[in-house]
Amino acid sequence: MVCESNNKSYLKSQHLKIIGQNTLRGKVKISGAKNSALVLLAASLLTEEKTILDNVPFLTDIDKMGNILKNLGVKLRSKDHQLIIDSKNISIQELPYELVNGLRASFFCIGALLTRFGEASIPLPGGCNIGERPINEHINGLRALGAEIIIDKDVVKAKLVKKSKLLGANIRLNCPSVGATETLIMAASLAEGRTVIENAAREPEIQDLCQMLNKMGAKIYDSGKEKIIIDGVQKLHGCTHKVIPDRIEAGTFLIAAAATSSSITVSPIIPNHLEAVLNKLEESGSKITIKGNSISIKGNEIKAVDIKTAPFPGFPTDLQAPFMALMTIAKGKSKITETIFEKRMNHVDLLNQMGSSITLKDNTAQINGVKKLKGMTLVGLDLRSSAALIIAALTTKNVSRIYGLEHLDRGYENFELKLSQLGTNVKRRTTKNICESNYKSSDINEEMKSAMKAA
Ligand code: EPZ
């Protein structure tokens, strides 16, 4: 009997209890972008003056990044969604692995620390559930700027040996890595001379970083293009900067509306940050209306469409799983190809347990649309696959329980609150004991049982 499972810690984990088939209606407020706020926090290390970030989302990843900065001696004060950051007295020390483990963005601090202090030691971020997550582009670029880098017992140790500053260089990335582009922009901002980064990533979060750095006195040109030019300066000063809205959160809500034939409005949002997604939603039958910094959607009968993820401005890999949930109940066959991460299909098996009909071969999912899915008790395995399961659960007419909220809370602020404000029946439950939630152990699938054993 499941209840005899001895994984108490897991049994205490939270889950979302979802009773689907309500349509969503109304307006949802979009929070600040996780993947912008994280890199802006790293950028605050570049100055000894005070930096103020507005519109910072309440997310566990942001808390983690805050703890990393505090460990370096940064003073952080939060006032609602505002963070006041004072990086005047930083003690360069190796960051403890347990602090950086699981937070990829922690590695992005290396460029800022190296260029300001001439040295930095950051544990390898390691892989995660969606892929290997190598850092060769970061390291090659920093070496091109004159850093000496060794990897010693899984810690990346970077320092300047012969010179007191990094030297500007021409760097061509092999792949348009978001993180590597951000690391190198930060490193080059205080280097001597000009740095040109070719094949740079063009994501809006990078443009947000460059806007903030230029406010701090940096000289960065053409952010958002494939070739970014950075003229190093002597010093950067503090600034106040508002984080851009989260395009991935907004896209997730729009997809949820399309999946439940609902009409909602998401705001604030910068519409051209979601162009590829809006095109695919329209192609799949939804009606989209853009007014200033608001996007409204009216869901209709869902048509099957193919998507292939790509670097910005292509279809974002972070919305591949949520969009797949939509395609499971579309009319017809669709194909979804993931080109960015090698293991970002954890949701396929879970969606199939809800009754979808997906076959997977070499990172390409073939989806035969089905009439309806069935509610299940499932464990989300990464941030965006958890969101996909919740979208799928909203379309069923019975109860679903989605575990693995430690992933969801990394990237969605008050997700269930925002969903319930849109009229859905979604509640966060803390399960003291699986038995107490008095549902049949047959509801608990193999995934769940193995997850309990693992916890
Ligand atoms: C950022 O990760 C985002 N994270 C990811 O969001 C997002 O999915 C990803 O960019 C792509 O858009 C943050 O900004 C904190 P990459 P990042 O370097 O920088 C390969 C989410 O759900 N690569 O652009 O780690 C790599 O293997 C998260 O919010 C190298 O080969 O992504 C991958 O296949 C998930 N060598 C591809 O590039 C390197 O040195 C894209 O990775 C670096 C990357």
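Definitions and cut-offs
- Every chain is numbered on its own, with residues counted from 1 as its sequence reads.
- The predicted origin of the model limits local features to residues at a pLDDT of at least 70 and limits the giving and counting of side-chain atom pairs to 80 or more, whereas totals for whole chains, interfaces and linings rest on all residues.
- Only hydrogens and water are set aside; all other atoms, that is, all heavy atoms of the structure, feed into the side-chain values.
- These domain boundaries are the output of an automatic or database domain assignment.
- Should any heavy atoms of two residues lie within 4.5 Å, those residues are counted as being in contact.
- Computed with a 1.4 Å rolling probe, the buried area is the accessible surface lost when two parts are put together, summed over both parts.
- We define a salt bridge as a side-chain nitrogen of Lys or Arg found within 4 Å of a carboxyl oxygen belonging to Asp or Glu.
- Counting of polar contacts relies on pairs of N or O atoms within 3.5 Å, with two restrictions inside protein: one atom must be capable of donating a hydrogen and the other of accepting it, and residues adjacent in sequence are counted only when both atoms are side-chain atoms.
- Only DSSP runs of H or I covering at least 4 residues are called helices, and only runs of E covering at least 2 are called strands; the numbering of each starts at the N terminus.
- Aromatic pairs are defined between Phe, Tyr and Trp rings, using the six-membered ring for Trp, whenever the two ring centres lie within 6.5 Å; interplanar angles under 30 degrees are classed as stacked, those over 60 as edge-to-face, and all others as tilted.
- Whether a residue is buried, partly exposed or exposed follows from its accessible area with a 1.4 Å probe, protein chains only, as a fraction of its type maximum: under 20%, in between, or over 50%, in that order.
- The criterion for strand pairing is that DSSP finds at least two bridges linking the strands in question.
- Throughout, an axis means a line fitted to C-alpha atoms (over the contacting stretch in the case of helices), and angles, computed between N-to-C directions, take values from 0 to 180 degrees.
- A pair of sulfur atoms, both from cysteines and within 2.5 Å, is called a disulfide here.
- Each angle gets one of four labels, with under 35 degrees taken as roughly parallel, over 145 as roughly antiparallel, 65 to 115 as roughly perpendicular, and the rest as oblique.
- Each crossing gets its hand from how the near helix is turned against the far one by less than a right angle, where anticlockwise is left-handed and clockwise is right-handed.
- Here the term charged refers only to Asp, Glu, Lys and Arg, the term nonpolar to Ala, Val, Leu, Ile, Met, Phe, Trp, Tyr, Cys and Pro, and the term polar to all other amino acids, Gly among them.

Describing the domain arrangement of the chain
Domain annotation of the chain identifies domain 1 (7-31 + 245-454) and domain 2 (34-242). Contact with domain 1, which involves 24 residues of that partner, is made by 23 residues of domain 2. Summed over both sides, the interface between domain 1 and domain 2 buries roughly 1900 Å², with carbon and sulfur atoms accounting for 48% of that surface. Ranking the residues of domain 1 by area buried against domain 2 places Phe312, Arg410 and Glu413 at the top, with a combined share of 32%. Inspection of the domain 1/domain 2 interface yields two salt bridges. Taken together, the links from domain 1 to domain 2 amount to twelve residue pairs in polar contact (both at pLDDT 80 or more). Listing elements by their share of the side of domain 1 that touches domain 2, those giving two or more residues are helix H13 (383-394) and helix H14 (405-411). A per-element tally of the side of domain 1 that touches domain 2 places H14 first, with four residues.

Thoughts on the packing of aromatic side chains
Within a pair of aromatic rings, the relevant descriptors are the distance that separates the centres and the angle that separates the planes. All told, the structure shown has three aromatic pairs when counted by the stated rule. Consider the rings of phenylalanine 253 and phenylalanine 415, whose centres lie 5.3 Å apart with planes at 50°: the pair is tilted. One end of the pair, phenylalanine 253, is in helix H9 (residues 247-259); the other, phenylalanine 415, is in helix H15 (residues 415-421), and 162 residues separate them in sequence. Both residues of the pair, phenylalanine 253 and phenylalanine 415, count as buried. Look at tyrosine 412 and phenylalanine 415: their rings are 4.7 Å apart centre to centre, the planes differ by 40°, and that puts the pair in the tilted class. Exposure remark for tyrosine 412: the relative accessible area of 2% places this residue in the buried category. Under the relative-accessibility criterion, phenylalanine 415 is labelled buried at 3%.

Observations concerning the sheet that holds strand S22 (residues 399-403)
Taking strand neighbours across the sheet as the criterion, the four strands line up as S21-S22-S1-S23 in an open arrangement whose pairing is mixed. The sheet is open, and its two edges are formed by strand S21 (377-379) and strand S23 (425-430), each paired on a single side. Here the average twist between neighbouring strands, direction ignored, is 25°. Strand direction decides the pairing type here: S21 and S22, joined by three bridges, are parallel. By the bridge assignment for S22, valine 379 is matched with tyrosine 403.

Structural notes on the state of the cysteines
Summed over the entire model, instances satisfying the criterion amount to zero disulfides. Distance from the sulfur of cysteine 109, which forms no disulfide, to the nearest cysteine sulfur (cysteine 239) is 16 Å. Using a relative accessible area of 0% as the deciding quantity, one classes cysteine 109 as buried.

Some points on the pattern of salt bridges
According to the stated counting rule, one finds 15 salt bridges in the structure shown. With a shortest N-O distance of 2.8 Å, arginine 247 and glutamate 205 are connected by a salt bridge. Taken together, the residues arginine 247 in helix H9 and glutamate 205 in helix H8 (residues 204-215) connect sequence positions 42 residues apart. Each member of the pair, arginine 247 as well as glutamate 205, is classed as buried. Here aspartate 222 makes a salt bridge to lysine 225, at a shortest N to O gap of 3.4 Å. One salt-bridge network, in which partners are shared between bridges, spans Lys34, Asp61 and Arg410.

Some points on the packing of helix H5 (residues 109-117) against helix H7 (residues 178-189)
The interhelical angle for the contact between H5 and H7, taken along N-to-C directions, is 15°, at an axis separation of 7 Å. The angle between the axes of H5 and H7 places the two elements in the roughly parallel class. Classified by chirality, the crossing of H7 by H5 is right-handed. On the side of H5, the interface is formed by Ile110, Gly111, Ala112 and Thr115, while H7 contributes Thr183, Met186 and Ala187. Each residue belonging to the contact of H5 with H7 can be placed in one class, and the counts come to four nonpolar, three polar and no charged.

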